[in-house]
Amino acid sequence: MKCATFKNSILITSLLVMAACTSSKPPLEYIGPNMVKGPSLKAQRADCYMFKDSNDPHCIRGPRMPVEGTIPTNFEPYPYPNDAEAAGRLLKNPLRPTKAILERGQILFDTYCAVCHGNTGDGNGYIVPKFPQPPTLASDKVTNWTDGRIFHVITMGQNLMPSYASQVTADERWAIINYVRVLQRAAHPSAADLKAVGK
Ligand code: HEC
């Protein structure tokens, strides 16, 4: 046998051996299939694979809906959703109007409220008149309201004004209210206030 022919026959034999290795039988699985082929869900994406909620037309989101009544850690549900009067009477502002708190309140007011209420609270925000003009925050009515009563408006909204509960935390609301008191005082300064600022 010539050398080349010998090499060829080795090649043919090895190819035959390799061909014999393919099998139509499913391969053996040594690890439980659930571990190997674990179903995966994309977070926040609707998926019909793992959970099926019959009342959801898009099947299901990856994360499960929280059980009814679930609240986040450190979250206190608002106790007076339908009782502005009780909120005004029972809620107390836990924040002292220190310089730091007032400065924080100013930043928050200018961020969340000024768009409608204006930087001075007079109701001339830059969205007005595309959005109906809100009343001044320096009215006798709001000036005489307790902090809790104003807290209620920010938390629940009032007529055209939407709730800001999801944008500003409770502490931020109290800081804003302290700053609203500054705006009220600036709108109706006493003689002593004017003298203090040299006017
Ligand atoms: C989208 C515009 C808008 C924003 C933003 C907004 N408000 Fe208002 N607000 C209004 C309107 C309009 C009214 C008047 C509602 C009504 O007719 O009772 C109002 C009413 C109020 C009142 C009651 C005034 C009264 O005389 O009854 C208070 C207090 C108040 N807002 C505070 C705030 C504070 C504080 C913020 C920021 C956290 C804020 N608002 C953000 C539009 C807004």
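Above this text you will find the structure in question.
A quick note: this is a predicted structure, and the numbers were derived from the prediction, not measured.

Peer 1: Describe the overall build of the protein, naming the residues involved and giving the relevant values.
Peer 2: Looking only at helices and strands, the protein has nine helices and two strands in total. Ordering the α and β elements of the protein from the N terminus gives α-α-β-β-α-α-α-α-α-α-α. Relative to its 199 residues, the protein shows a buried fraction of 27%. Restricting the contact set of the protein to residue pairs at least 6 apart, pairs at least 24 apart contribute 45%. Split by element, the accessible area of the protein, about 14900 Å² in all, is 61% carbon and sulfur.

Peer 1: How would you explain the nonpolar core if you had to name every residue and give the values?
Peer 2: Residues Leu91, Phe109, Ile154 and Ile176 are the most contacted members of the largest nonpolar core, which totals 25 residues. At the level of secondary structure, the elements contributing two or more residues to this core comprise helix H3 (84-90), helix H4 (99-112), helix H7 (147-156) and helix H8 (170-187). By residue number, the principal contributor to this core is H8, which donates seven residues. If we skip the residues at most four places from it in the chain, Leu91 touches Tyr78, Tyr80, Ala86, Gly148, Phe151 and Trp174.

Peer 1: Lay out the environment of Met156 with the relevant residues and their values.
Peer 2: Within the fold, Met156 resides in helix H7. Setting aside chain neighbours within four positions, we find Met156 in contact with Tyr78, Pro81 and Ser163.

Peer 1: I'd like a rundown of the pattern of salt bridges, residues and numbers included.
Peer 2: Charged atoms that come close allow side chains of opposite charge to pair. For the structure shown, the criterion picks out five salt bridges. The partner of Arg89 in a salt bridge is Glu85, and the shortest N-O contact between them spans 2.9 Å. One end of the pair is Arg89 and the other is Glu85, both in helix H3 and four residues apart, which spans about a single turn. In this structure, Glu172 and Arg104 form a salt bridge, with 3.4 Å as the shortest nitrogen-oxygen distance. Of this pair, Glu172 sits in helix H8 while Arg104 is found in helix H4, placing the two residues 68 residues apart along the sequence.

Peer 1: So what about the site of the ligand? Which residues, and what values?
Peer 2: Surrounding the ligand, one finds 20 residues, the nearest of these being Cys113, Cys116, His117, Gln158 and Met161. Contact distances for the ligand include 2.7 Å between a nitrogen atom and a side-chain N or O atom of His117. Lys141 places a side-chain nitrogen or oxygen 2.7 Å from an oxygen atom of the ligand. If you map the ligand onto the pockets, it falls in the largest pocket. Of all the secondary-structure elements, those providing two or more residues to the shell around the ligand are helix H5 (114-117), helix H6 (140-144) and H7. Here the shell around the ligand is composed, by residue class, of 16 nonpolar, three polar and one charged.

Peer 1: Could you give me a rundown of the coordination of the iron atom of the ligand, with the residues and numbers involved?
Peer 2: Six octahedrally arranged donors around a metal ideally form angles of 90 or 180 degrees; four tetrahedrally arranged donors ideally form angles of 109.5 degrees. At this site the iron atom of the ligand is bound by His117 (NE2) and Met161 (SD), with donor distances of 2.0 to 2.1 Å. Around the iron atom of the ligand sit six donor atoms; with metal-centred angles ranging over 87 to 179 degrees, the donor geometry is octahedral. Taken as a pair, His117 in helix H5 and Met161 in the loop between H7 and H8 lie far apart in primary sequence, 44 residues in all. Residue Met161 is classed as partly exposed on the basis of its relative accessible area of 24%.

Peer 1: So what's going on with H8? Which residues, and what values?
Peer 2: With 18 residues, H8 extends 26 Å between its outermost C-alpha atoms, agreeing within 8% with the 26 Å of an ideal straight helix rising 1.5 Å per residue. Along H8, the positions that sit buried rather than exposed are Glu172, Arg173, Trp174, Ala175, Ile176, Ile177, Asn178, Tyr179, Val180, Leu183 and Gln184. If you follow the buried residues of H8, they end up packed against H4, H6 and H7.

Peer 1: Describe H4, with residues and values.
Peer 2: Taking 1.5 Å of rise per residue, the 14 residues of H4 would be expected to cover 20 Å, and the 20 Å separating its terminal C-alpha atoms lies within 8% of that figure. Looking at H4, one finds that the buried residues are Gly105, Leu108 and Phe109. What you see down the axis of H4 is that its buried residues fit within an arc of 100 degrees, all on one side. Residues Lys99, Ala100 and Ile107 are exposed on H4 and point more than 90 degrees away from its buried face. In the core, the buried residues of H4 are packed alongside H5 and H8.

Rules and cut-offs
Numbering of residues starts from 1 in each chain and follows the order in which that chain's sequence is written. In view of the model being predicted, local features appear only for residues whose pLDDT reaches at least 70, and side-chain atom pairs are presented and counted only at 80 or more, with totals across whole chains, interfaces and linings using the full set of residues. Side-chain figures throughout are based on the complete set of non-hydrogen atoms in the structure, without hydrogens or water. Secondary structure elements follow DSSP: runs of H or I no shorter than four residues count as helices, runs of E no shorter than two count as strands, and numbering proceeds from the N terminus. The classification of residues rests on relative accessible area computed with a 1.4 Å probe and restricted to protein chains. Under 20% of the type maximum is buried, over 50% is exposed, and intermediate values are partly exposed. Whether two residues are in contact is decided by their heavy atoms, any of which lying within 4.5 Å being enough. Accessible areas in this description were obtained via Shrake-Rupley with a 1.4 Å probe; residue shielding takes into account the shown protein chains only. Grouping buried Ala, Val, Leu, Ile, Met, Phe, Trp, Tyr and Cys residues that are joined through side-chain atoms within 4.5 Å yields what is termed a nonpolar core. Here, a salt bridge means any Lys or Arg side-chain nitrogen found within 4 Å of an Asp or Glu carboxyl oxygen. Definition of nearness: a residue and a molecule or strand are near each other if at least one heavy atom of the residue lies within 4 Å of the molecule or strand. N or O atoms closer than or at 3.5 Å make up a polar contact, with two conditions inside protein: a donor-capable atom paired with an acceptor-capable one, and, for residues adjacent in sequence, both atoms drawn from side chains. Here a cavity means grid points, on a 1 Å grid over the protein atoms only, where a 1.4 Å probe fits yet cannot get out; a pocket means an open set of points with protein on both sides within 12 Å along at least five of seven lines; lining residues are those with an atom within 4 Å of a point. A pocket or cavity is taken to hold a molecule when more than half of that molecule's atoms are within 2 Å of the pocket's grid points. Just so you know the grouping, Ala, Val, Leu, Ile, Met, Phe, Trp, Tyr, Cys and Pro go in nonpolar, Asp, Glu, Lys and Arg go in charged, and all remaining residues, Gly too, go in polar. Listed donor atoms are N, O and S within 2.8 Å of the metal (Na, K and Ca: 3.2 Å). As water is not included, a site may look incomplete. For four-coordinate sites, all angles between 85 and 135 degrees define a tetrahedron; for four- and six-coordinate sites, opposite donors beyond 155 degrees with the remaining angles between 65 and 115 define square planar and octahedral shapes respectively, and all other cases count as irregular. Multiplying 1.5 Å by the residue count of a helix minus one yields the expected span of that helix. The arc in question is formed by the directions pointing from the helix axis toward the C-beta atoms.

Keep in mind these numbers describe shape, not what the thing actually does.
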